[in-house]
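# Report on the structure
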Amino acid sequence: QYVGEMLIHTTMHEVGHTLGLRHNFRSSTATPMAKLHDKSWTAQNGLVASVMDYATPNIDYTGTHQGEYYGVWPGTADAWMIRYGYASSGAGDVDADYGFARKIADESERPGHEYSTDEDTNGPFALDPRTNHFDLGDDPLAFARERASWIAGLWKNPKLEDRILGEGGEYPVLRRAVDGLFEQYGIALNLAVKWVGGQFNSRSHRGQSGAVAALQPVPAAKQREALDFIAARGFAVNAFSVDPGLLNKLAPDRWSHWGVAEQFGIFTGPRLDYNFKDQALAMQTGLLEALTAPMMLARVREAESR
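These lines cover the structure that appears in this document, whether it is placed above or below.

Analysis parameters
- Residues numbered from 1 in each chain as written.
- Predicted model: local features only at pLDDT ≥ 70, side-chain atom pairs only at ≥ 80, totals over all residues.
- Heavy atoms only, no water.
- Helix = DSSP H or I, 4+ residues; strand = E, 2+ residues; numbered from the N terminus.
- Buried < 20%, exposed > 50% of the residue type's maximum accessible area, 1.4 Å probe, protein only.
- Areas by Shrake-Rupley, 256 points an atom, 1.4 Å probe, with all protein chains shown as cover.
- Lys, Arg positive; Asp, Glu negative; His and termini not counted.
- Charge placed at Lys NZ, Arg CZ, Asp CG, Glu CD.
- Salt bridge = Lys/Arg side-chain N within 4 Å of Asp/Glu carboxyl O.
- Patch = residues over 30% accessible without salt bridge, like charges linked within 9 Å, V, L, I, M, F, W, Y side chains within 5 Å.
- Contact = heavy atoms within 4.5 Å.
- Arc of directions from axis to C-beta.
- Polar contact = N/O pair within 3.5 Å; in protein donor to acceptor, adjacent residues only side chain to side chain.
- Axes fitted to C-alpha atoms, helices over the stretch in contact; angles between N-to-C directions.
- Parallel < 35°, antiparallel > 145°, perpendicular 65-115°, else oblique.
- Left-handed = near helix turned anticlockwise from the far one by under 90°.
- Nonpolar A, V, L, I, M, F, W, Y, C, P; charged D, E, K, R; others polar.
- Phe/Tyr/Trp six-rings, centres within 6.5 Å; stacked < 30°, edge-to-face > 60°.
- Expected span 1.5 Å × (residues − 1).

Moving on, we get to the overall build of the chain. Along the backbone of the chain there are twelve helices and two strands. The secondary structure elements of the chain, listed N-terminal to C-terminal, are α-α-α-α-α-α-α-α-β-β-α-α-α-α. With the C-alpha coordinates aligned to their principal axes, the bounding extent of the chain is approximately 70 × 45 × 45 Å. Here the chain, with 306 residues, has 39% of them falling under the buried criterion. A total of about 17,000 Å² of accessible surface is found on the chain, and carbon and sulfur atoms cover 57% of it. On the chain, the mean spot of the 29 positive side-chain charges and the mean spot of the 38 negative ones are 5 Å from each other.

Bringing the pattern of salt bridges into the picture now. Overall, the coordinates contain 14 salt bridges when judged by the stated rule. With a closest N to O distance of 3.8 Å, Lys 222 and Glu 225 form a salt bridge. In this pair, Lys 222 and Glu 225 are both assigned in helix H9 (residues 220-235), three residues apart and thus about one turn of the helix distant. Assessed through its relative accessible area of 29%, Glu 225 is described here as partly exposed.

The next subject is a nonpolar patch on the surface. On the surface, Tyr 2, Val 3 and Leu 7 cluster together into a nonpolar patch covering about 300 Å² of accessible area. Inspection of the secondary structure assignment puts Leu 7 in helix H1 (residues 2-18). Residue Leu 7 is classed as exposed on the basis of its relative accessible area, which comes to 55%.

Right, let's get into the environment of Thr 121. Within the secondary structure, Thr 121 sits in helix H5 (residues 118-121). With a relative accessible area of 8%, Thr 121 lands in the buried category. Linking Thr 121 and Pro 32, residues 89 residues apart in sequence, is a C-alpha distance of 21 Å. Non-local contacts of Thr 121, meaning those with residues more than four positions away in its chain, are made with Phe 25, Ala 126, Thr 131, Asn 132, His 133 and Lys 194.

Below, the discussion takes up helix H3 (residues 76-86). Think of an α-helix as turning once every 3.6 residues; residues three or four places apart then point the same way. All of the buried residues in H3 are Ala 77, Asp 78, Trp 80 and Met 81. What you see down the axis of H3 is that its buried residues fit within an arc of 165°, all on one side. Looking at the buried residues of H3, the elements they touch are helix H4 (94-105).

In this structure, Gly 16 sits in helix H1. On the basis of relative accessibility, which here comes to 4%, the residue Gly 16 falls in the buried class. Along the backbone, Gly 16 and Ala 290 are 274 residues apart, and their C-alpha atoms lie at a distance of 31 Å. For Gly 16, the residues in contact, after removing those within four places along its chain, are Leu 21 and Met 52.

Relative to the assigned elements, His 23 resides in the loop between H1 and helix H2 (39-45). Within polar-contact distance, the side chain of His 23 engages the side chain of His 17 at 3.2 Å. A polar atom in the side chain of His 23 sits 3.1 Å from the side chain of Asp 118.

Contact pair helix H6 (residues 140-156) / H9: the axes reach a minimum separation of 11 Å and the direction vectors enclose 10°. In terms of axis orientation, H6 runs roughly parallel to H9. Crossing handedness for the pair H6 and H9: left-handed. Seen from H6, the contacting residues are Leu 141, Ala 144, Arg 145, Ala 148, Ser 149 and Ala 152; seen from H9, they are Lys 222, Glu 225, Ala 226, Phe 229 and Arg 233. The residue makeup of the contact of H6 with H9, split by class, is six nonpolar, one polar and four charged.

Turning our eyes to something else, we now look at the packing of aromatic side chains. Scanning all chains against the criterion turns up eleven aromatic pairs. Seen in terms of ring centroids, Phe 182 and Tyr 274 are 6.4 Å apart; in terms of plane orientation they differ by 35°. Their pairing is tilted. Here Tyr 274 lies in the loop between helix H10 (244-247) and helix H11 (276-291) and Phe 182 lies in helix H8 (residues 171-190), a separation of 92 residues in the sequence. Both residues of the pair, Phe 182 and Tyr 274, count as buried. Taking the centre distance of 5.4 Å and the plane angle of 40° together, the rings of Phe 182 and Phe 276 count as tilted.

The next subject is H6. Between the first and last C-alpha of H6 there are 24 Å, a value that for 17 residues agrees with the 24 Å anticipated at 1.5 Å per step. Among the residues of H6, Pro 140, Leu 141, Ala 142, Phe 143, Ala 144, Arg 147, Ala 148, Ile 151, Ala 152 and Trp 155 are the ones counted as buried. Looking at the buried positions of H6, the neighbouring elements they touch are helix H7 (160-165), H8, H9 and H10.

Bear in mind that shape data such as this cannot, by itself, settle questions of function.
This is the structure in structure tokens:
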């Protein structure tokens, strides 16, 4: 079921591109956190408002009321954008056709039509913390806290080895699983960065129904909340605490064959032992570089004037 839902979502995403849709990395914020596992709600509205978002697994951490793992229905923003692009106006001239299309475009501020794309999301110039890869729900910072706490609990769980390997599994499989956990942990931490010095961005026009200010600074309390989360999960003394017994079982993969680079060795592969501290340092370095990027610091300094 898990893999099947991912395949459905990915297929819808790529068909969306063939129909002319761009990425929509804010569509996930259209779904209230409390509705993420409500299948009746997500069937009506989509797990995210657009299949053009980048999917992350929707996991019920309690194991009691799992919803869709990935969105298997087009969302409300998808339906709106397809209507804008393909609905026939029946108009007899260009001006009338424009008026028909503009009425649809003017729905951009309606709930469920949230939209931000690539240039709103990536790089130090991206300032809206609501537009991200791999988040879920209407509070990306709350999602980041939950996801980071869950992942850290997984690598600290003494039953992790049993769950991954069973009675006779190979230790390189456990190594790959821990790699995946640390990768997802880094993603969760990075979701908090844009809240610091961030601004909510709108494309609405003057006079449009529901129009809001084009740029709205993130409240200071929310920025401090994000920074506290980064400090606690990324830089506290126990942020990366891990059982040495686990680290000493993360053996390298010795598999290689023609056409595939070796995964070990002096010239071609990583360390034979597990480079845990290198991974932690890479996460911390990425966070520091993002938080001290000149454009980020300029926005923080100028926030007083806004």
